[in-house]
Amino acid sequence: MKNSISRPSCLLLMAFLLTAIGCNQTKTHKENDLEKAVRSKAQQYFETYAERTDWSKFCSYYREDFLFKDIILQLELDSLWKFKRFYKWDEEGDRFQKMFPEQKTLDLNSLVVEGNIAVAKGNVNPFYYDGELIDTEWGMEFTIWLRFDQDLKIIEQIDWIEYDPRVLENTIQRCKENGFEAIPEWLDLSRDK
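Residues numbered from 1 in each chain as written. Predicted model: local features only at pLDDT ≥ 70, side-chain atom pairs only at ≥ 80, totals over all residues. Heavy atoms only, no water.

S.K.: So what exactly am I meant to see when it comes to the overall build of the protein chain here?
M.R.: Looking only at helices and strands, the protein chain has 5 helices and 9 strands in total. Seen in sequence order, the protein chain has helices and strands lined up from the N terminus as α-α-β-β-α-α-β-β-β-β-β-β-β-α. Here the protein chain holds 193 residues, and 33% of them are scored as buried. For the protein chain, long-range pairs separated by at least 24 residues make up 57% of all intrachain contacts whose partners lie at least 6 apart in sequence. Here the protein chain displays about 12,500 Å² of accessible surface, and carbon together with sulfur accounts for 53% of that area. (Helix = DSSP H or I, 4+ residues; strand = E, 2+ residues; numbered from the N terminus. Buried < 20%, exposed > 50% of the residue type's maximum accessible area, 1.4 Å probe, protein only. Contact = heavy atoms within 4.5 Å. Areas by Shrake-Rupley, 256 points an atom, 1.4 Å probe, with all protein chains shown as cover.)

In structure tokens, the structure reads:
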């Protein structure tokens, strides 16, 4: 007795397999479209970040209720207004200065996108803060993880930034004295501003 599949069963199996492959390809196209859109938005975001000239445009990439974490600083903020208090480029005036006007604040070395998540790796370029040169002696590498919503707004950001030794020492001291959930004294999160 031969072990074979009848012709109608074989045709039915082939139709099922072709349908399954077609559905899989459609899903892949949708995923590719999402990833292309996320990649494009993430590239625009990092270009704006690197230029560091348009605060409103930079903030427009975020949802009002987004979640921000800075792993090294042991800081977690749950809204755009708190994040603005943390970054506060609009309030710095001349405290922050590039080495030269055309300088990019950061260089992006790689950008990996999967679904609605973009992960970027790069370096912060040297700059002056309060007249003091902040340079690459200690590295200044970063990895930033961004999760986008369906409208391509950032809903979650996680930063791993290689801060200078003073910042690390202050973070360790703050965590020892006040615990890991304590907000740094320099970060004013009052709604009065």
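S.K.: Sorry, what's going on with the pairing of strand β1 (residues 62-70) here?
M.R.: In the case of a regular strand, side chains alternate between the two sheet surfaces. Here β1 runs beside strand β9 (residues 154-161); their pairing, made up of 5 bridges, is parallel. Bridge pairing in β9 places Leu67 opposite Glu156. The pairing of β1 with strand β2 (residues 75-77) spans 3 bridges and is antiparallel. If you follow Asp70 over to β2, its bridge partner there is Leu75. As consecutive antiparallel partners, β1 and β2 are separated by 4 residues, and within that stretch Gln74 has a phi angle of approximately 55°, a positive value. (Pairing = 2+ DSSP bridges.)

S.K.: Explain the packing of aromatic side chains here, please?
M.R.: Any aromatic ring pair is given by two values, namely how distant the centres are and how the planes are angled relative to each other. Scanning all chains against the criterion turns up 25 aromatic pairs. Here the aromatic rings of Phe58 and Phe83 are separated by 6.3 Å at their centres, their planes lie at 25°, and the arrangement is stacked. Of this pair, Phe58 sits in helix α2 (residues 55-59) while Phe83 sits in helix α3 (residues 80-87), and the two are 25 residues apart along the sequence. Side by side, Phe58 and Phe83 carry an identical accessibility label, which is buried. Plain terms: the ring middles of Tyr62 and Phe83 are 4.8 Å apart, the flat faces sit at 50° to each other, and that makes the pair tilted. One end of the pair, Tyr62, is in strand β1; the other, Phe83, is in helix α3, with 21 residues separating them in the sequence. Grouping residues by exposure puts Tyr62 and Phe83 together as buried. Cation over ring: Arg52 sits above Phe96, and NZ or CZ is 3.6 Å from the ring centre. (Phe/Tyr/Trp six-rings, centres within 6.5 Å; stacked < 30°, edge-to-face > 60°. Lys NZ or Arg CZ within 6 Å of the ring centre and 35° of its normal.)

S.K.: Hey, could you run me through the environment of Asn170 in this one?
M.R.: When you line up the elements, Asn170 lands in helix α5 (residues 165-178). By relative accessible area, Asn170 is classed as exposed at 55%.

S.K.: In this structure, what is going on with the sheet that holds strand β3 (residues 96-98)? I would like to understand it.
M.R.: The strands that make up a sheet pair up through hydrogen bonds in the backbone, lying either parallel or antiparallel. Read from one edge to the other, the open sheet built from 3 strands follows the order β3-β6-β7, with strand pairing classed as antiparallel. Edge positions in the sheet fall to β3 and β7 (132-134), since each of these pairs with one other strand and no more. If you compare each strand with its neighbour and ignore which way they point, the axes differ by 30° on average. Relative to strand β6 (residues 127-129), β3 is paired through 3 bridges, and the arrangement is antiparallel. Considered in β6, the bridge of Lys98 is made with Phe127. (Axes fitted to C-alpha atoms, helices over the stretch in contact; angles between N-to-C directions.)

S.K.: I keep staring at the sheet that holds β1 and nothing clicks. Help me out?
M.R.: An order of β2-β1-β9-β8-β5-β4 is seen for the 6 strands of this open sheet, with the pairing classed as mixed. Single-partner strands in this sheet number two, and they are β2 and β4 (106-114). For this sheet, the mean angle separating the axes of adjacent strands, direction not counted, is 15°. Running over the sheet, α3 touches β1, β2 and β9 and is turned about 50° from β1.

S.K.: What's the story with a nonpolar patch on the surface in this structure? I'm lost.
M.R.: Residues Ile71, Ile72, Trp160 and Leu168 make up a contiguous nonpolar surface patch of roughly 290 Å² in combined accessible area. Tracing the chain through its elements places Ile71 in the loop between β1 and β2. (Patch = residues over 30% accessible without salt bridge, like charges linked within 9 Å, V, L, I, M, F, W, Y side chains within 5 Å. Salt bridge = Lys/Arg side-chain N within 4 Å of Asp/Glu carboxyl O.)

S.K.: Quick question: what am I supposed to make of the side chain of Lys98 here?
M.R.: With respect to the secondary-structure elements, Lys98 resides in strand β3. An unpaired buried charge is present at Lys98: no salt bridge exists, and Glu51, the closest side chain of opposite charge, is 7.5 Å distant. Looking at Lys98, its side chain comes within polar contact range of the main-chain oxygen of Gln103, at 3.1 Å. Apart from residues no more than four positions distant in its own chain, Lys98 is found in contact with Ala50, Glu51, Arg52, Thr53, Gln103, Thr105 and Tyr128. (Lys, Arg positive; Asp, Glu negative; His and termini not counted. Polar contact = N/O pair within 3.5 Å; in protein donor to acceptor, adjacent residues only side chain to side chain.)

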